[in-house]
Amino acid sequence: MANSTTEKSKAVPAAPITAISVLAPAVGWLIPGAGHMIQKRWIRGALLFISIMTLFLLGLAMQGRIYRANGGDILDILGFIGDVGAGALYMLSVANDWGQGAIAFATADYGTKFMIVAGLLNFIAMADAYHIAIGKKK
Amino acid sequence: MTIALNHFSAAFVFALFASIVFGITHRDTVREMVRYGAYCFVLFLGGVLVAGWAMWLLRR
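Calculation criteria
Residues numbered from 1 in each chain as written. Chains lettered and ligands numbered in written order. Predicted model: local features only at pLDDT ≥ 70, side-chain atom pairs only at ≥ 80, totals over all residues. Contact = placed C-beta atoms within 7 Å. Helix = DSSP H or I, 4+ residues; strand = E, 2+ residues; numbered from the N terminus. Nonpolar A, V, L, I, M, F, W, Y, C, P; charged D, E, K, R; others polar. Core = buried A, V, L, I, M, F, W, Y, C linked by C-beta atoms within 7 Å. Buried ≥ 20, exposed ≤ 12 C-beta atoms within 10 Å, placed from the backbone. Axes fitted to C-alpha atoms, helices over the stretch in contact; angles between N-to-C directions. Parallel < 35°, antiparallel > 145°, perpendicular 65-115°, else oblique. Left-handed = near helix turned anticlockwise from the far one by under 90°.

Draft legend 1. Representation of the interface of chain A and chain B within the structure. Facing the 22 residues of chain A at the interface are 16 residues of chain B. Contributions of two or more residues to the side of chain A that touches chain B are made by α4 (42-61) and α7 (108-133) of chain A. The element best represented in the side of chain A that touches chain B is α4 of chain A, accounting for 9 residues. Split by residue class, the side of chain A that touches chain B holds 14 nonpolar, 4 polar and 4 charged.

Draft legend 2. Here's a closer look at the nonpolar core. In terms of nonpolar packing, the biggest core is built from 41 residues, with I52, L55, F56, F114, M115 and A118 of chain A together with V21 of chain B touching the most fellow members. The set of elements that each furnish at least two residues to this core consists of α2 (19-30), α3 (34-37), α4, α5 (74-84), α6 (88-95) and α7 of chain A together with α1 (7-26) of chain B. Broken down by element, this core gets its largest block of residues, 13 residues, from α7 of chain A. Apart from residues lying up to four places away in sequence, I52 of chain A is in contact with P32, A118, L121, N122 and A125 of chain A together with V21 of chain B.

Draft legend 3. Layout of the environment of F44 of chain B. Residues and elements named next belong to chain B. For F44, the position within the fold is in helix α2 (residues 30-59). Here the alpha-carbon distance between F44 and M55, two residues 11 residues apart in the chain, equals 17 Å. In this view, F44 contacts A15, A18 and S19; residues no more than four positions away in its chain are not counted.

Draft legend 4. The environment of L60 of chain A, seen in detail. Residues and elements named next belong to chain A. In this structure, L60 sits in helix α4. On the basis of neighbour count, L60 is assigned to the buried category, with 22 C-beta atoms found within 10 Å. Measuring from C-alpha to C-alpha, the distance between L60 and F49 comes to 16 Å, with 11 residues separating the pair along the chain. What L60 contacts, discounting residues up to four positions off in sequence, is S93, W98, G99, G111 and M115.

Draft legend 5. Layout of the packing of α4 of chain A against α7 of chain A. Residues and elements named next belong to chain A. Following both chains from N to C, one finds α4 and α7 inclined at 155°, their axes separated by 7 Å at the closest point. If you check the angle between α4 and α7, you find them roughly antiparallel. For the crossing formed where α4 meets α7, the hand is left-handed. Two secondary-structure elements touch here, α4 through L48, I52, L55, F56, L58, G59 and L60 and α7 through G111, T112, F114, M115, V117, A118, L121, N122 and A125. Across the contact of α4 with α7, the residue classes break down as 12 nonpolar, 4 polar and no charged.

Shown next, in the form of structure tokens:
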């Protein structure tokens, strides 16, 4: 059993670290979809950009809450991790103190979740950009 | 600017954009992306409708 595991790990060579394999996820985190665009996947990048941006901006417009770095409640920490995935949008929101209002209506909580999901979807998009960069995905 | 979506609209918007991202990131060819995105969208929205009706039945 141990041998088969060792053989499997030997069979898959480690992806070489190239400039694009570092740059694509980094740029993709900062601007959703940009990791695909710098690899000339224009339509995919544009769709990711529109989808993630729209979810995040709708969340803000719905009076959702932005989580800041904190060491308190576990759900607040997870909320922060989700939000921070949105990259520049998150930084812009924190810098302008957006998303800090009191939740005034029931569906405002959806706004909070929209922004967390936008960040988490951007993490997935970053991983996809990385896989394209290392040639794992066509 | 404040937008107040109702529950179904919020679920629809969420399902639409999450499905687009899932489709693009989880499949390799364009055809598969469209099919998988549509599949996710139907599951998201279908799940909401089923859960909604289930809660309505439970309440009665």
